[in-house]
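Tertiary structure, described
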Amino acid sequence: MSQQRKSRLVPEVDFAKDGKQTGFIRLFHSTHDSAYGFLPVPIVVVKNGEGPTALFTSGNHGDEYEGQVALTNLIKWLEPGMIKGRVIMMPMANYPAALIGRRVSPIDDLNMNRIFPGDPDGTVTRQIAHYIDSELIPLADLVIDLHSGGSSLNYIPTALAKQSADPVLYQKQLAALRAFGAPYTYIQGGAQGQGGDQTLGSGADRRGKIALGTELGGAGAVNASGLAIAERGLRNLLAHLGILGQEHFVEPPAPTRFLDVRGPEMYVYAPENGVFEPLVELGDTVAPGTPAARIHMPETPWLPPVEIAFKAAGIVMCKRIPARTKRGDCLFHLASDLAV
């Protein structure tokens, strides 16, 4: 039902107009401090004639910065005369969260990448998700939503995709991921812990678009390697689509290594509250039974730590950052080689 109702958000840009337009999507939000005000969600559209459309988003989680910097730099570099087609860029997709550097919105405490397709009559975050899902994704041929580990996780810089159920679309995903050229690319099966079918990328896939994502680092900082991978990868995607000329395509140092993270055994969760001591580092290769971590309990220091072992073999792609942890926190996830 929500997908049939029009969004209440008002763009200051004209998506059909040639040129470079900068402005905001106005989300009217009446508060004690601003009775008739709006939240200004930044958007940039670069268009030149007919051709494919790419939709690039970041700041879906406000504490993930590599994508925000990469898009900010691309916005300043890209000009209409360089392209054929259209590029739509939203560097702070969840503007309230990105403005204060939080994973979730300070207004309604919602995680935007867990509520797609959103709701035009819902809270602020639901309205933004609905606008992206109903107004922007339909314009695009390819959508990439740039993420990293945020404040609580750190990743080896990687590209990713949820495997499309459409075999033809899946092959297009793989071709685009090869062009993006991250050192690693993992294929996920839509695990509920990673958003299931309620993510921006899932919304793009439902509409038959090439849907990609990234995890470019994290730890609440800007990973220099992840930023460089994103900047090269975004230009390569535009060249891959034919929006940019092939002279802008930069061959990656090596072909991307495809990995699989499907299956609950690829994730390690804290079984108790305490202080997390990791026993492996990002990039390590582990086997079933390899010690993963100890959880120490300073509140009862006479008790032995809880020891945790990996249940599967693979590469350590992701690691928790804060030492203080609670039962149910994700400590690691693995990935194993995938033949594609």
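For clarity, every value in this text was computed on a predicted model and none was experimentally measured. (Residues numbered from 1 in each chain as written. Predicted model: local features only at pLDDT ≥ 70, side-chain atom pairs only at ≥ 80, totals over all residues. Heavy atoms only, no water.)

**Details of the overall build of the protein**
Within the protein one finds 6 helices and 19 strands. Relative to the compact-globule value of 20 Å for 340 residues, the protein shows a C-alpha radius of gyration of 20 Å, a close match. When its C-alpha atoms are laid out on the principal axes, the protein stretches across 65 × 55 × 35 Å. Counted over contacts in the protein with a minimum sequence separation of 6, partners at least 24 positions apart contribute 71%. Looking at the protein as shown, the accessible area adds up to about 14,200 Å², and 54% of this sits on carbon and sulfur atoms. (Helix = DSSP H or I, 4+ residues; strand = E, 2+ residues; numbered from the N terminus. Rg over C-alpha atoms; globule rule 2.2 N^0.38 Å. Contact = heavy atoms within 4.5 Å. Areas by Shrake-Rupley, 256 points an atom, 1.4 Å probe, with all protein chains shown as cover.)

**Topic: the domain arrangement of the protein**
Segmentation of the protein into domains returns domain 1 (10–261) and domain 2 (264–337). Between the C-alpha centres of domain 1 and domain 2 the distance comes to 30 Å. Each side of the interface is counted separately: domain 1 has 17 residues, and domain 2 has 18 residues. In total, about 1,400 Å² of surface goes out of reach between domain 1 and domain 2, with carbon and sulfur atoms giving 63% of it. Interface area lost by domain 1 to domain 2 is led by N154, I156 and V261, which between them contribute 33%. Linking domain 1 with domain 2 are 1 salt bridge. Residue R257 is joined to D337 by a salt bridge in which the shortest nitrogen-to-oxygen separation is 2.8 Å. (Domains from an automatic or database assignment. Buried area = accessible area lost by both parts, 1.4 Å probe. Salt bridge = Lys/Arg side-chain N within 4 Å of Asp/Glu carboxyl O.)

**Topic: the packing of aromatic side chains**
Tallying each qualifying case throughout the model produces 4 aromatic pairs. Each ring, one from Y267 and one from Y269, has its centre 6.4 Å from the other, and the planes form 20 degrees; the classification is stacked. Aromatic pair F276 and F332: ring centres 5.6 Å apart, planes at 75 degrees, arrangement edge-to-face. Taken together, the residues span a long stretch of sequence, with F276 in strand β13 (residues 274–278) and F332 in strand β19 (residues 330–337) at a distance of 56 residues. Members of the aromatic cluster, each reached through a chain of ring pairs, are F276, F310 and F332. Lying across the ring of W77, R235 places its NZ or CZ 3.7 Å from the centre. (Phe/Tyr/Trp six-rings, centres within 6.5 Å; stacked < 30°, edge-to-face > 60°. Lys NZ or Arg CZ within 6 Å of the ring centre and 35° of its normal.)

**With respect to the pairing of strand β4 (residues 53–57)**
Judged by how many residues are buried, β4 sits mostly within the fold: 5 of 5 residues are covered. Neither face of β4 is left uncovered, since the one carrying T53, L55 and T57 and the one carrying A54 and F56 both have all their residues buried. As paired elements, β4 and strand β5 (residues 85–90) share 5 bridges and run parallel to each other. The residue of β5 that forms the bridge with A54 is V87. Tracing the backbone out of β4, into helix α1 (residues 66–77) and back to the parallel element β5 gives a crossover that is right-handed. Examined bridge by bridge, β4 and strand β6 (residues 142–145) share 4 bridges and lie parallel to one another. (Buried < 20%, exposed > 50% of the residue type's maximum accessible area, 1.4 Å probe, protein only. Pairing = 2+ DSSP bridges. Right-handed = clockwise from strand over helix to strand, strands pointing away.)

**Here's the deal with the state of the cysteines**
Tallying each qualifying case throughout the model produces 0 disulfides. With no disulfide of its own, C330 lies closest to C318 among cysteine sulfurs, the gap being 5.4 Å. (Disulfide = S-S within 2.5 Å.)

**Some points on the pattern of salt bridges**
All chains considered together, the criterion is met by 19 salt bridges. Linking E299 and R324 is a salt bridge whose minimum nitrogen-to-oxygen distance equals 2.3 Å. With a gap of 25 residues between them, E299 in the loop between β15 (291–296) and β16 (306–309) and R324 in strand β18 (residues 324–325) connect regions that are remote in the sequence. Put simply, R5, R8, D119 and D121 are held in one network by salt bridges that share partners.

**Side note on a nonpolar patch on the surface**
Residues V10, F24, F28 and F38 make up a contiguous nonpolar surface patch of about 330 Å² in total accessible area. Inspection of the secondary structure assignment puts F24 in strand β2 (residues 19–28). (Patch = residues over 30% accessible without salt bridge, like charges linked within 9 Å, V, L, I, M, F, W, Y side chains within 5 Å.)

**Some thoughts on the packing of helix α4 (residues 167–180) against helix α6 (residues 224–241)**
As a packed pair, α4 and α6 sit with axes 7 Å apart at the nearest point and diverge in direction by 130 degrees. Comparing the axis directions of α4 and α6 gives the class oblique. Crossing of α4 against α6: the hand is right-handed. Two secondary-structure elements touch here, α4 through A175, A176, A179 and F180 and α6 through I229, A230, R232, G233, L234, N236, L237 and H240. For the contact of α4 with α6, the class distribution of residues is 8 nonpolar, 3 polar and 1 charged. (Axes fitted to C-alpha atoms, helices over the stretch in contact; angles between N-to-C directions. Parallel < 35°, antiparallel > 145°, perpendicular 65-115°, else oblique. Left-handed = near helix turned anticlockwise from the far one by under 90°. Nonpolar A, V, L, I, M, F, W, Y, C, P; charged D, E, K, R; others polar.)

**Brief notes about the packing of α1 against α6**
It is at 9 Å that the axes of α1 and α6 come closest, and there the two elements cross at 45 degrees. It follows from the interaxial angle that α1 and α6 lie oblique. The interaxial crossing formed by α1 with α6 has right-handed handedness. Mapping the contact onto sequence places E66, V69, A70, L71, N73, L74 and W77 in α1 and L227, A230, E231, L234 and R235 in α6. The residue inventory of the contact of α1 with α6, partitioned by class, reads 8 nonpolar, 1 polar and 3 charged.

**Side note on the sheet that holds β13**
Strand order in the open sheet formed by 4 strands is β16-β15-β13-β18, and the pairing between neighbours is antiparallel. Single-partner strands in this sheet number two, and they are β16 and β18. Examined bridge by bridge, β13 and β18 share 2 bridges and lie antiparallel to one another. Bridge pairing links G274 to T325 in β18.

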